[in-house]
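An overview of the molecular structure
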Amino acid sequence: PPPPPPRPSSSRLPSSAPSSGASPSPPPSSRLAPAATASAAASATRAASSSSSIPAMPRYTGMLDCFATVVREEGFGALWRGILPNYYKVVPSIAIAFVTYDVLKEMLDVEFKISA
């Protein structure tokens, strides 16, 4: 059988290790693996124990209650918070679509008539 392909270097650092024949330290990822595994196990344990507790009550009982609560707690302007960034996204796309439609209509010499 053909020889196996060469293994990639496990270290991304420049080769400045002493050439005394001492074994190189393991890559950082293998040193952190036990800690990451322990952390994941702890997270899973917390999630399992919290799912057995009583579920929290929903914050809103319906859409009208949601609107009333937001207006009461955050003010009327909170209903439109974030609309300006959305307009920055939507307006150029609508403008591009309109211009593209109009240019293609002229290029293809298409007449659009609405009959009454």
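In this report, we go over the structure that sits alongside the text. (Residues numbered from 1 in each chain as written. Predicted model: local features only at pLDDT ≥ 70, side-chain atom pairs only at ≥ 80, totals over all residues. Heavy atoms only, no water.)

Turning to the overall build of the chain, a few remarks are in order. Helix and strand counts for the chain stand at 3 helices and 0 strands. Of the regular secondary structure in the chain, the N- to C-terminal order runs α-α-α. Taken over 116 residues, the chain has a buried fraction of 3%. For the chain, the exposed surface amounts to about 11000 Å²; the carbon and sulfur share of it is 67%. (Helix = DSSP H or I, 4+ residues; strand = E, 2+ residues; numbered from the N terminus. Buried < 20%, exposed > 50% of the residue type's maximum accessible area, 1.4 Å probe, protein only. Areas by Shrake-Rupley, 256 points an atom, 1.4 Å probe, with all protein chains shown as cover.)

On to helix 3 (residues 83-107). In this model, helix 3 (25 residues) spans 36 Å end to end at C-alpha, consistent with the 36 Å of a helix rising 1.5 Å per residue. Of the residues trailing helix 3, Asp-109 is marked for its positive phi of about 55 degrees. (Expected span 1.5 Å × (residues − 1).)

The subject of this paragraph is helix 2 (residues 63-74). The periodicity of an α-helix, 3.6 residues per turn, causes residues three or four places apart in sequence to face the same way. For helix 2, which comprises 12 residues, the first-to-last C-alpha distance of 16 Å matches the rise-based estimate of 16 Å (1.5 Å per residue) to within 8%. Just downstream of helix 2, Gly-75 is the residue with a positive phi angle, here 100 degrees.

Relative to the helices and strands, Thr-69 resides in helix 2. With relative accessibility at 6%, the residue Thr-69 sits in the buried group. Setting aside anything within four residues of it in sequence, one finds Thr-69 in contact with Arg-59, Tyr-60 and Glu-74. (Contact = heavy atoms within 4.5 Å.)

Attention shifts here to the pattern of salt bridges. As enumerated under the stated definition, the model contains 2 salt bridges in all. Glu-73 is the salt-bridge partner of Arg-59, the closest N and O atoms lying 2.4 Å from each other. In this pair, Arg-59 is assigned in the loop between helix 1 (28-51) and helix 2 and Glu-73 in helix 2, connecting sequence segments 14 residues apart. Accessibility expressed as a relative area gives 53% for Arg-59, which makes it exposed. (Salt bridge = Lys/Arg side-chain N within 4 Å of Asp/Glu carboxyl O.)

For the rest of this paragraph, the subject is unusual backbone geometry. Even without glycine at this site, Asp-109 takes up a positive phi of about 55 degrees. The exposure class of Asp-109 is exposed, given its relative accessible area of 65%.

Moving on to a nonpolar patch on the surface. A grouping of Met-63, Leu-64, Phe-67, Phe-76, Leu-79, Trp-80, Ile-83, Leu-84, Tyr-87, Tyr-88 and Val-91 is seen on the molecular surface, where their side chains present a nonpolar patch of about 1200 Å² in accessible area. Looking at the nonpolar patch, the elements that each hand over two or more residues are helix 2 and helix 3. The element best represented in the nonpolar patch is helix 3, accounting for 5 residues. Residue Tyr-88 is classed as exposed on the basis of its relative accessible area of 61%. (Patch = residues over 30% accessible without salt bridge, like charges linked within 9 Å, V, L, I, M, F, W, Y side chains within 5 Å.)

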